[in-house]
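# Reading the structure
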There are 2 protein chains.
Amino acid sequence: MILEIARRAKTASKTLALISTEAKNAALVSLAEALLVSSGELLAANAVDVQAARAAGLSEAMIDRLLLTDKRIGNLASDLRHLAGLPDPVGQQFDATTLPNGMSLRKQRVPLGVLGVIYESRPNVTMDVAGLAIKTGNAAILRGGSETINSNRALVKIIQISLGANQLPADTIQFIDSPDRALVLELLKMHDYIDIIIPRGGANLHNFCRQNSQIPVITGGMGICHLYVDESANLDASLPVIFNSKVQRPSACNSLDTVLVHKNIAENFLARIVAELAPAGVTFRAEPRAAALLKEQDPALVQPAGPDDFDTEWLALILGLKVVDGLDEAIQHIATHSTAHSDGILTENNENAARFINEVDSAAVYVNASTRFTDGGQFGLGAEVAISTQRLHARGPMGLAELTTYKWVAEGSYTVRT
Amino acid sequence: MILEIARRAKTASKTLALISTEAKNAALVSLAEALLVSSGELLAANAVDVQAARAAGLSEAMIDRLLLTDKRIGNLASDLRHLAGLPDPVGQQFDATTLPNGMSLRKQRVPLGVLGVIYESRPNVTMDVAGLAIKTGNAAILRGGSETINSNRALVKIIQISLGANQLPADTIQFIDSPDRALVLELLKMHDYIDIIIPRGGANLHNFCRQNSQIPVITGGMGICHLYVDESANLDASLPVIFNSKVQRPSACNSLDTVLVHKNIAENFLARIVAELAPAGVTFRAEPRAAALLKEQDPALVQPAGPDDFDTEWLALILGLKVVDGLDEAIQHIATHSTAHSDGILTENNENAARFINEVDSAAVYVNASTRFTDGGQFGLGAEVAISTQRLHARGPMGLAELTTYKWVAEGSYTVRT
């Protein structure tokens, strides 16, 4: 079954690679309409998943993640329309040059081919990936969570009918319609047909893919993020940055996990951080030096940091606090505990800023800015496929161009190598 | 043992990433000198390998591959000096922009980290990879063939002493000094320490790495390459291109394997190909239509193509010949039989050239040029790490920049996300 799906995806990808930008955009707009027209059908399928989730005793937070509503369907449709308006990376030419022998040489963007996307719970990922794949001329094989299998089946049915009506291959978007986990293992071995595996989910899913895949895997999404407050920082201006990084959306991977504070400013500034963030519901985990400076605080608010606390991605209103002797210790702490996602320095010292930029090896390095900017939309990429914390192909926010590769195109006049 | 090597490489890579271009270039020049000074020692170690290879009954061609001579050592030294003169990709900034909120954003090249390079026979690869790694600030773990273990041990000793004398970490270049194959399997699982696996060898080695690696693998080097001679081609000018593609260096992966000839010109032109290439020692494998047109030829020169002949990378003076009805059949044949390395069209028809460029999905696509140009040096990259036929990270010839990744650098004024 998987082999058949993979083969069909490969065949579809060859057709897709040659489809015009206009046809792809028309298909996206048409799919947005189909989604709205079929919302009743979708909500009915989703209700089956929600009922099963309730019966299985899933938490309300989990149920909310898999819930579709008219409003959410509307958002999916407008995301598709937005995507239709973005530039098409396929066909873009770059690095053009003329060689000394007169041969012209350039690179030209082409689709990656076939994407394998493995994700959990949220059915909106299904439409999100379908849109990105259509836009970039890639075929995609989707494997969603078993909790949303009815919603995904309904979504993929709408997608495939809409694709067919727009003269695009229905196999552009396929869906593994079975909760059997062995099929995922099979999928990860289809290296002759699938070009990239994109897991969207927690660390376990990423590790599973990396350990079992014979296809390159884009791992990412895990962020243990730091801000280092240098002695020279404008402290009044730093507080809102810390607040924004931690509080604006604590469940995001680019939200702040640990603040490192220079020892010379720690005594007052740690207390100011607590005063600023506690009203928003933040609690704190302080290492001994920081804890000593905060010993007057409510122990429910400021707890001593446990042994794993600085290696934890909180995804919640919890913030680690640590006093450091200076930039060296801050860089060392980040090298040891960061997941190389997003880390920043708050400073007025240009030399320290330059050292931080060079020496902190994270996908995104910030000077005097919130870690929350690590995002395809915020970085102006128009759309976001994933945030990569691995080093090959793409690092940090991946946009449409990162779902392409290139071919070299050389044009000569019957030119031979001497 | 492998874990220890991998950990040391990771540690070295962190130091290396911050070393200046000047220091890296000085280390390369110094290594070139060390190589010449130690040539006696090197030749003695190499003689042990050569003797063992003779005793084991290896072919003279194989022995030549592992042989070091004064001249070859001289070439290695001058390659290192050449490398020292090339631009350093590390630190290069690109895609710089200022976001609407005033935050400046750019990408900055950083080393990949740790390279795992697995190769066969030729000891020159050891020095080649060492030079590329030093230049790009990457650490490398080398696993050479057991036939050259004495030569490699001597080379790596020279490298490590020279690195130490230049204040670079000796662990920049490490070598797995054991023929035990189980160690390669262990190496392929060190995803916490090694960032990329580069196999340099045949298809079996590439497949082994892809099947067993938990680290991204750059596969490549296998080329079943085609030229399609369109009805409109300048035939007089096409013959030298075919000759060059096939004969200039038949053992190279970018050498020609199959010529596809438009049916309307095949009758005369096939015979001209045979007449042009046969004196250079080329023999031919013709599919039935081509064979029928060449039935007057010496059967030792033109044999009927066997069932696997069009799926064989010849690496020898053998050329497949096939008549096609036109561009569609040519593109279809290439899609079925090419390894997506290097394929070209010879034509005077711009529309057919454009279709070929768009529809043939190979790493390098040529119009009116020899397939032999697919090479880092020929493409002006200065150096070549590998030729990738996979689709992620880099495609076709990989130069120094392809041994780097990037970080995003964002500089704000205490900027927060709204």
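Quick caveat: nothing in here was measured; it's all calculated off a predicted structure. (Residues numbered from 1 in each chain as written. Chains lettered and ligands numbered in written order. Predicted model: local features only at pLDDT ≥ 70, side-chain atom pairs only at ≥ 80, totals over all residues.)

### Thoughts on the overall build of chain A
On a plain count of helices and strands, chain A comes out with 14 helices and 16 strands. Relative to the 2.2 N^0.38 estimate, which gives 22 Å for 418 residues, the radius of gyration of chain A is 24 Å and therefore close to what a compact globule would have. Over its C-alpha atoms, taken along the principal directions, chain A stretches across nearly 70 × 70 × 35 Å. In chain A, buried positions account for 52% of the 418 residues. (Helix = DSSP H or I, 4+ residues; strand = E, 2+ residues; numbered from the N terminus. Rg over C-alpha atoms; globule rule 2.2 N^0.38 Å. Buried ≥ 20, exposed ≤ 12 C-beta atoms within 10 Å, placed from the backbone.)

### Comments concerning the packing of helix 2 (residues 21-37) of chain B against helix 6 (residues 124-136) of chain B
Residue and element names in this part refer to chain B. At a minimum axis separation of 8 Å, helix 2 and helix 6 run at an interaxial angle of 160°. Here helix 6 runs roughly antiparallel to helix 2, going by the angle between their axes. Counting all contacts with helix 2, which are made through Lys24, Ala27 and Leu28, the residues of helix 6 involved are Gly131, Ile134 and Lys135. In terms of residue class, the contact of helix 2 with helix 6 is made up of three nonpolar, one polar and two charged. (Axes fitted to C-alpha atoms, helices over the stretch in contact; angles between N-to-C directions. Parallel < 35°, antiparallel > 145°, perpendicular 65-115°, else oblique. Contact = placed C-beta atoms within 7 Å. Nonpolar A, V, L, I, M, F, W, Y, C, P; charged D, E, K, R; others polar.)

### Regarding the sheet that holds strand 4 (residues 139-143) of chain A
Residue and element names in this part refer to chain A. Strand order in the open sheet formed by four strands is 5-4-3-6, and the pairing between neighbours is parallel. Pairing within the sheet leaves two strands with one partner each, and these edge strands are strand 5 (173-175) and strand 6 (196-200). Strand after strand, the sheet turns through a mean of 20° between neighbouring axes, direction not considered. Pairing analysis gives three bridges linking strand 4 to strand 5, with the strands arranged parallel. Its bridge partner lying in strand 5, Leu142 is registered against Phe175. (Pairing = 2+ DSSP bridges.)

### Quick word on the environment of Gly223 of chain B
All names here are of chain B. By secondary structure assignment, the location of Gly223 is in the loop between helix 9 (203-212) and strand 7 (225-229). Taking the C-alpha atoms as reference, Gly223 lies 26 Å from Leu76; in sequence the two are 147 residues apart. Residue contacts for Gly223: discarding those within four places in its chain leaves Cys253, Asn254, Glu313, Thr339, His341 and Ser342.

### Focus on the interface of chain B and chain A
On the chain A side, the residues contacting the 59 residues of chain B number 59 residues. Of all the secondary structure elements, the ones that give two or more residues to the side of chain B that touches chain A are strand 2 (104-111), helix 9, helix 10 (235-247), helix 14 (350-359), strand 13 (364-369) and strand 16 (404-415) of chain B. In terms of residue count, the dominant contributor to the side of chain B that touches chain A is strand 16 of chain B (11 residues). Of the residues assigned to the side of chain B that touches chain A, the class counts are 28 nonpolar, 21 polar and 10 charged. The pairing of strand 13 (residues 364-369) of chain A with strand 16 of chain B spans five bridges and is classified as parallel. The partner of Tyr366 of chain A across the bridge, within strand 16 of chain B, is Ala410 of chain B.

### Some points on the relation of the copies chain B and chain A
Between the two copies of the chain lies a rotation about an axis combined with a shift along it. Expressed as a screw operation, the relation of chain B to chain A combines 0.0 Å of axial shift with a rotation of 180°, fitting to an RMSD of 0.0 Å. Here the transformation between the copies is reduced to the relation of a two-fold axis. Within chain B, the C-alpha atom positioned nearest to the axis of rotation is that of His393 of chain B, 1.8 Å from it. The overlap is high: 100% of the interface residues of chain B also sit at the interface in chain A, so the same surface is used on both sides. (Least-squares fit on C-alpha atoms with pLDDT ≥ 70 in both.)

### Considering the sheet that holds strand 4 (residues 139-143) of chain B
Residues and elements named next belong to chain B. Taken in spatial order, the four strands line up as 5-4-3-6 in an open sheet, and their pairing is parallel. The sheet is open, and its two edges are formed by strand 5 (173-175) and strand 6 (196-200), each paired on a single side. The mean inter-strand angle of the sheet, taken between neighbouring strand axes irrespective of direction, is 20°. Running over the sheet, helix 9 touches strand 3 (114-119) and strand 6 and is turned about 160° from strand 6.

### What to know about the pairing of strand 2 of chain B
All names here are of chain B. As paired strands, strand 1 (residues 93-98) and strand 2 are joined by four bridges and run antiparallel to one another. Bridged to Gln93 within strand 2 is Gln108. Where strand 1 hands over to strand 2, the hairpin turn is made up of five residues, of which Gly102 adopts a positive phi near 90°. Judged from the eight bridges that link them, strand 2 and strand 16 form a sheet pairing that is antiparallel. The residue bridging Ser104 from the neighbouring strand is Glu411, located in strand 16.

### Considerations on helix 7 (residues 149-165) of chain A
Residue and element names in this part refer to chain A. The terminal C-alpha atoms of helix 7, which comprises 17 residues, lie 24 Å apart, in line with the 24 Å expected from a rise of 1.5 Å per residue. If you check which residues of helix 7 are buried, you get Ile149, Ser151, Asn152, Ala154, Leu155, Val156, Ile159, Ser162 and Leu163. Positioned one or two residues after helix 7, Gln167 has a phi angle of 60°, which is positive. (Expected span 1.5 Å × (residues − 1).)

### Some thoughts on the nonpolar core
A general feature of soluble globular proteins is that nonpolar side chains tend to end up buried together. Among the nonpolar cores identified, the biggest contains 146 residues, and Ala140 and Ile141 of chain A together with Ala140 and Ile141 of chain B are the most heavily contacted of them. Residues in contact with Ile141 of chain A, not counting those within four places in the same chain, are Ile5, Ala6, Ala9, Val114, Gly116, Gln174, Ile176, Leu187 and Ile194 of chain A. (Core = buried A, V, L, I, M, F, W, Y, C linked by C-beta atoms within 7 Å.)

### Examining unusual backbone geometry
What is expected of a backbone is that most residues other than glycine have negative phi and most peptide bonds are trans. Unlike most non-glycine residues, Tyr414 of chain A shows phi in positive territory, near 55°. Along the chain, Tyr414 of chain A falls in strand 16 (residues 404-415). Judged by the 19 C-beta atoms lying within 10 Å of it, Tyr414 of chain A is partly exposed. Non-glycine residue Asp95 of chain B carries a positive phi angle of around 55°.

### A look at the domain arrangement of chain A
When its domains are assigned, chain A resolves into domain 1 (2-219 + 393-411) and domain 2 (225-373). A C-alpha centroid distance of 36 Å is found between domain 1 of chain A and domain 2 of chain A. (Domains from an automatic or database assignment.)

### Some points on the environment of Ile141 of chain A
All names here are of chain A. Looking at where Ile141 falls in the secondary structure, it is placed in strand 4. For Ile141, a count of 26 C-beta atoms within 10 Å puts it in the buried group. For the pair Ile141 and Ala130, spaced 11 residues apart in the sequence, the C-alpha separation amounts to 9.3 Å.

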